[in-house]
Amino acid sequence: MHPDIPQSVMDAVQQARHLVIFTGAGVSAESGVQTFRDALTGLWAEFDPAQLATADAFMRDPAQVWGWYEWRRALLLRVQPNVAHRAIARLQRVLPKVTLITQNVDDLHERAGSSAVLHLHGSLLAPRCFDCARPHPLAPPAGEPVQQAVQPPRCSSCGGHVRPGVVWFGEELPERALAAAFAAAQSCDCLLSIGTSGLVHPAALIPTMASRAGATVIHVNPDPVPVRHAAEYSLQGPAGLIVPLLAGGWLD
Ligand code: OAD
């Protein structure tokens, strides 16, 4: 066992009757996925995320915004799930009940073998029509990721612009996923919060909800996370080191 992980924390995870795992950009960092703000480089370096990731920005300049997401989608194809994603998938397999909630728009949890992932901020891989919301499946991007403006495709149903299937600033989170996430947070006995700054609401409420409902809450982050409740812990370190230990030190 890792010397810094108290036995009570190991037990809370490994003996949970209902474990909630709540992930953010930090769980994908060791796969090489840039966080939201780090991804604003090159062509888009001058932009503020709140300027680029909005419906207004897309209406003003669809090619600029679509090009940014197409570049990120191409980068995603070149990375692999890491040991933290795989340890999370193992916890899902071995524990009686695990709800996996992510703020990430990548598919690395699914590629690591996780199922029923609640994507609170949508997905880079589920584009839909800006006007009629009809899903618009896309082939994997060919060739090297390129930083360029790209005209979005047109919807085959109504002719509107196709937009990324992510939640933009100012937009509502997917209702069913959010309701399921809140319900799980309020009924679990343990919640593991991995690699999130906890700054973006309403997702950031999830660990607090679990604490208030009496669950043990464990944060995994290289930075210290302030703890406010008796059964709340901050495990300082990268997800790729800590999460496999919590999952029983095992990898496959
Ligand atoms: P952030 O980029 O805000 O925070 C990432 C967190 O991961 C930070 O607290 C880092 O310290 C931590 N971290 C970095 N490397 C890590 C590692 N190897 N292991 C564990 N943790 C590590 O990402 P999120 O909290 O996911 O929203 O951001 C939430 C939302 O903000 C995103 O979903 C996005 C953005 O605006 C939308 O797109 C709607």
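Residues numbered from 1 in each chain as written. Predicted model: local features only at pLDDT ≥ 70, side-chain atom pairs only at ≥ 80, totals over all residues. Heavy atoms only, no water.

## Examining the state of the cysteines
Link 1 in the chain: Considering all chains together, one arrives at zero disulfides under this definition.
Link 2 in the chain: Not part of a disulfide, Cys-132 finds its nearest cysteine sulfur in Cys-158, a span of 3.7 Å.
Link 3 in the chain: Cysteine Cys-158 is unpaired, with the sulfur of Cys-129 as its nearest cysteine sulfur at 3.5 Å.
Link 4 in the chain: The exposure class assigned to Cys-158 is partly exposed, which follows from its relative accessible area of 40%. (Disulfide = S-S within 2.5 Å. Buried < 20%, exposed > 50% of the residue type's maximum accessible area, 1.4 Å probe, protein only.)

## Structural notes on the packing of helix H6 (residues 83-94) against helix H10 (residues 239-246)
Link 1 in the chain: At a minimum axis distance of 8 Å, the contact between H6 and H10 shows a crossing angle of 20°. One finds that H6 runs roughly parallel with respect to H10. Crossing geometry of H6 relative to H10 is assigned as left-handed. Contact with H6, carried on its side by Val-83, Ala-84, Ala-87, Ile-88 and Leu-91, involves Ala-239, Gly-240, Val-243, Pro-244 and Leu-246 of H10 and no other residues of that element.
Link 2 in the chain: Here the residues of the contact of H6 with H10 are counted per class, giving nine nonpolar, one polar and no charged. (Axes fitted to C-alpha atoms, helices over the stretch in contact; angles between N-to-C directions. Helix = DSSP H or I, 4+ residues; strand = E, 2+ residues; numbered from the N terminus. Parallel < 35°, antiparallel > 145°, perpendicular 65-115°, else oblique. Left-handed = near helix turned anticlockwise from the far one by under 90°. Contact = heavy atoms within 4.5 Å. Nonpolar A, V, L, I, M, F, W, Y, C, P; charged D, E, K, R; others polar.)

## A few points about the environment of Ala-87
Link 1 in the chain: Following the sequence through the fold, Ala-87 ends up in helix H6.
Link 2 in the chain: Since its relative accessible area comes to 0%, Ala-87 is described here as buried.
Link 3 in the chain: Note: C-alpha distance between Ala-87 and Leu-246 (159 residues apart in sequence) is 8.3 Å.
Link 4 in the chain: When neighbours within four sequence positions are excluded, Ala-87 is seen to be in contact with Val-243, Pro-244 and Ala-247.

## What about the packing of aromatic side chains?
Link 1 in the chain: Evaluation of the coordinates by the stated rule reveals four aromatic pairs.
Link 2 in the chain: When the centroid spacing of 5.5 Å and the interplanar angle of 40° are considered together, the rings of Phe-58 and Trp-168 count as tilted. Linking Phe-58 in helix H4 (residues 55-60) with Trp-168 in the loop between strand E5 (162-166) and helix H8 (175-187), this pair joins segments that are 110 residues apart in sequence. Per residue, the accessibility class of Phe-58 equals that of Trp-168, and both read buried.
Link 3 in the chain: Summarising the aromatic geometry, the rings of Tyr-69 and Trp-168 are spaced 6.3 Å apart at their centres and angled 55° between planes, so their arrangement reads as tilted. One end of the pair, Tyr-69, is in helix H5 (residues 62-77); the other, Trp-168, is in the loop between E5 and H8, with 99 residues separating them in the sequence. Of the two residues, Tyr-69 and Trp-168, both sit in the buried class.
Link 4 in the chain: An aromatic cluster is built from Phe-58, Trp-68, Tyr-69, Phe-130 and Trp-168, whose rings are joined through pairwise contacts.
Link 5 in the chain: The positively charged end of Arg-163 is found above the aromatic ring belonging to Trp-168, 3.9 Å away from the centroid. (Phe/Tyr/Trp six-rings, centres within 6.5 Å; stacked < 30°, edge-to-face > 60°. Lys NZ or Arg CZ within 6 Å of the ring centre and 35° of its normal.)

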